[in-house]
Amino acid sequence: MAETRYTKDHEWVRLDGDVGTCGITKFAAEQLGDVVFVELPDNGRAFSTGDEAAVIESVKAAAELYAPLDGEIVEGNQAVVDNPAGVNEDPEGEGWFFRLKIADKAQFDALMSADDYAKFVEELDD
């Protein structure tokens, strides 16, 4: 089973071998509101951790999805471009944004676990 890790920017990465599927968390989707536009990076584009990788626009705001790890884009999810509402419907499943061939698994291991992320979000509500 693929393991999922989280960033403080409310992104998730699910690792399968050396490819990470990336998206925004349910918390982020709720904060954004109804997503109306998604722009994804081109296949083959390389990113470093923290680089702006995708653009998300909602009825409330525009936001960026940052590269959670160093790597190269191997696939974008055309379904969220065609139907941006899919991000809200299933943000941590079918609403994924892109797949990234990661350069360094240690970066993945350094991200927050699901429990750590849940505590992080809880502290934001305090």
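Residues numbered from 1 in each chain as written. Predicted model: local features only at pLDDT ≥ 70, side-chain atom pairs only at ≥ 80, totals over all residues. Heavy atoms only, no water.

*Asks:* Tell me about the nonpolar core, residues and numbers included.
*Replies:* Buried together is how nonpolar side chains tend to be arranged in soluble globular proteins. Ile24, Phe97 and Phe98 are the most contacted members of the largest nonpolar core, which has 27 residues in total. Formed by 8 residues, the second largest nonpolar core is a distinct cluster that contains Tyr6, Met112, Tyr117 and Val121. (Core = buried A, V, L, I, M, F, W, Y, C linked by side-chain atoms within 4.5 Å. Buried < 20%, exposed > 50% of the residue type's maximum accessible area, 1.4 Å probe, protein only.)

*Asks:* Pulling in residues and values, what's your account of the side chain of Ser58?
*Replies:* If you trace the backbone, Ser58 turns up in strand E6 (residues 52–58). Residue Ser58 is classed as buried on the basis of its relative accessible area, which comes to 11%. Among the polar contacts made by the side chain of Ser58, one reaches the main-chain amide nitrogen of Lys60 at a distance of 3.1 Å. Not counting residues within four places of it along the chain, the set of residues in contact with Ser58 comprises Leu32, Gly33, Asp34, Val35 and Val36. (Helix = DSSP H or I, 4+ residues; strand = E, 2+ residues; numbered from the N terminus. Polar contact = N/O pair within 3.5 Å; in protein donor to acceptor, adjacent residues only side chain to side chain. Contact = heavy atoms within 4.5 Å.)

*Asks:* How would you sum up the sheet that holds strand E7 (residues 62–66)? Please name residues and give values.
*Replies:* Taken together, the 3 strands give an open sheet; going across it, the order is E4-E6-E7, and neighbouring strands pair in antiparallel fashion. Of all the strands in the sheet, just strand E4 (35–39) and E7 have a single pairing partner and so form its edges. Mean inter-strand twist for the sheet, computed between neighbouring axes without regard to direction, equals 25°. Relative to E7, E6 runs antiparallel, the two being bridged by 5 bridges. Paired with Ala54 across the strands is Leu65, a residue of E7. (Pairing = 2+ DSSP bridges. Axes fitted to C-alpha atoms, helices over the stretch in contact; angles between N-to-C directions.)

*Asks:* Residue-level account of the sheet that holds strand E9 (residues 98–102), with values.
*Replies:* Sheet strands pair by backbone hydrogen bonding; their relative direction is either parallel or antiparallel. A sheet is described by the order of its strands in space; here 6 strands give the open sequence E1-E2-E3-E9-E8-E5, paired in antiparallel fashion. The open sheet is flanked by strand E1 (3–6) and strand E5 (46–47), the only strands paired with a single partner.

*Asks:* Which residues make up the pattern of salt bridges, and what values go with them?
*Replies:* In the structure shown here, the tally under the stated rule is 5 salt bridges. A salt bridge links Asp18 to Lys101, with the nearest nitrogen and oxygen atoms 3.7 Å apart. One end of the pair, Asp18, is in the loop between strand E2 (11–16) and strand E3 (19–24); the other, Lys101, is in strand E9, with 83 residues separating them in the sequence. Measuring nitrogen to oxygen at the nearest pair gives 2.9 Å for the salt bridge that ties Lys105 to Asp109. Of this pair, Lys105 and Asp109 both sit in helix H4 (residues 105–110), 4 residues apart, roughly one helical turn. Residue Lys105 is classed as partly exposed on the basis of its relative accessible area, which comes to 43%. For Asp109, a relative accessible area of 39% translates into the label partly exposed. (Salt bridge = Lys/Arg side-chain N within 4 Å of Asp/Glu carboxyl O.)

*Asks:* An account of the pairing of E2 is requested, with residue identities and associated values reported.
*Replies:* Bridge count for E1 against E2 is 4 bridges, and the pairing is antiparallel. Each bridged residue has a counterpart across the sheet, and for Glu3 the counterpart in E2 is Leu15. The antiparallel hairpin formed by E1 and E2 contains 4 residues in its connecting segment, where His10 sits at a positive phi of about 70°. Here 6 bridges tie E2 to E3, and the two strands are oriented antiparallel to one another. Bridging from a neighbouring strand, Leu15 pairs with Gly20 of E3. Once E2 ends, the chain turns through 2 residues before running back antiparallel as E3, passing Gly17 with a positive phi of about 70°.

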